[in-house]
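Structural description and commentary
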Amino acid sequence: MRRREFREKNQPLVMIIPMIDIMLFLLVFFMISTIYMVQINTLQVNLPQSSNAKQDTRPNIIPITVNADGNILYDKDNVTNKELSEKIYNSLKENSETVFVIRGDKSAKYENVVAILDLLKKSGTRHVSIATEIKTELEK
């Protein structure tokens, strides 16, 4: 008399769809986190708002910050106009495609921002951007 085997031998199943979901989630997470890493490396100022603001993603970006007090910071280093001119020249000497982003506080004097633009123009800079915050729909 032959015995019946009541135990089923199931082969393990590899569920590929949940693995794809997890990988896509991780991809999106790291993409978004790298976008905000640029903003973490800069000083906090109250930027003016613009409805057409875009994120610049070029590789060699150097922020030049103008505080409300009129202090000028070249990539977090407090500098004078003469030192700023030298640093801009040295940066352009290393890489002529350097992008300078002017981050002026809302309450900074317009005169200080124009002085930086003038220095950049004299140095032969080809790529200059002005940082703004994106205006939300409620503020329009």
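These notes cover the structure that comes with them. What you see is a predicted model, and the numbers here were worked out from it, not measured in a lab. (Residues numbered from 1 in each chain as written. Predicted model: local features only at pLDDT ≥ 70, side-chain atom pairs only at ≥ 80, totals over all residues. Heavy atoms only, no water.)

1. As for unusual backbone geometry
Rule in force here: Helix and strand assignments follow DSSP, with helices taken as H or I runs no shorter than four residues and strands as E runs no shorter than two, numbered in order from the N terminus. Here's how the labels work: a residue is buried when its accessible area is under 20% of the maximum for its type, exposed when over 50%, partly exposed in between, all with a 1.4 Å probe on protein chains only.
With a phi angle near 50°, Asp75 is a residue other than glycine that sits in the positive phi range. With respect to the helices and strands, the residue Asp75 is situated in the loop between β3 (72–74) and β4 (77–79). Look at Asp75 and you get partly exposed, because its relative accessible area is 39%. Notably, Lys76 is not glycine yet its phi reads approximately 75°, a positive angle. Given the relative accessible area of 45%, Lys76 is considered partly exposed.

2. A short note on the pairing of strand β5 (residues 99–104)
The test is simple: By the convention used here, strands pair only if DSSP detects at least 2 bridges between them. A clockwise course of the path from the first strand over the helix to the second, judged with the strands pointing away from the viewer, identifies a crossover as right-handed.
β5 sits mainly inside the fold: 6 of its 6 residues count as buried. Judged by which residues are buried, β5 turns out to be covered on both faces: Val99, Val101 and Arg103 on one side and Phe100, Ile102 and Gly104 on the other are all buried. Inspection of the sheet shows strand β2 (residues 61–66) paired to β5 by 6 bridges, in the parallel sense. Bridge assignment links Ile62 to a residue of β5, and that residue is Phe100. Each parallel crossover has a hand, and for β5 linked through helix α3 (residues 110–123) to strand β6 (residues 127–130) it is right-handed.

3. Here's the deal with the pattern of salt bridges
The condition that has to hold: Counted as salt bridges are all cases of a side-chain nitrogen of Lys or Arg within 4 Å of a carboxyl oxygen of Asp or Glu.
Per the counting criterion, the structure on display carries 3 salt bridges. Taking the shortest distance from any N to any O, the salt bridge between Asp77 and Lys87 comes out at 3.7 Å. Of this pair, Asp77 sits in strand β4 while Lys87 sits in helix α2 (residues 81–94); the two residues are 10 residues apart in sequence, bridging distant segments of the chain. What makes Asp77 partly exposed here is its relative accessible area of 38%. In this structure, Glu97 and Arg126 form a salt bridge, with 2.8 Å as the shortest nitrogen-oxygen distance.

4. Points about the sheet that holds β5
The following threshold applies: For helices, the axis comes from a line fit to the C-alpha atoms of the stretch in contact; other axes are also lines fit to C-alpha atoms, and the angle between any two N-to-C directions lies between 0 and 180 degrees.
Reading across the sheet, the 5 strands line up as β4-β3-β2-β5-β6 and stay open at both edges, with mixed pairing between neighbours. The sheet terminates laterally at β4 and β6, the two strands that pair on one side only. Taken over all neighbouring pairs, the strand axes of this sheet differ in orientation by 30° on average, direction set aside.

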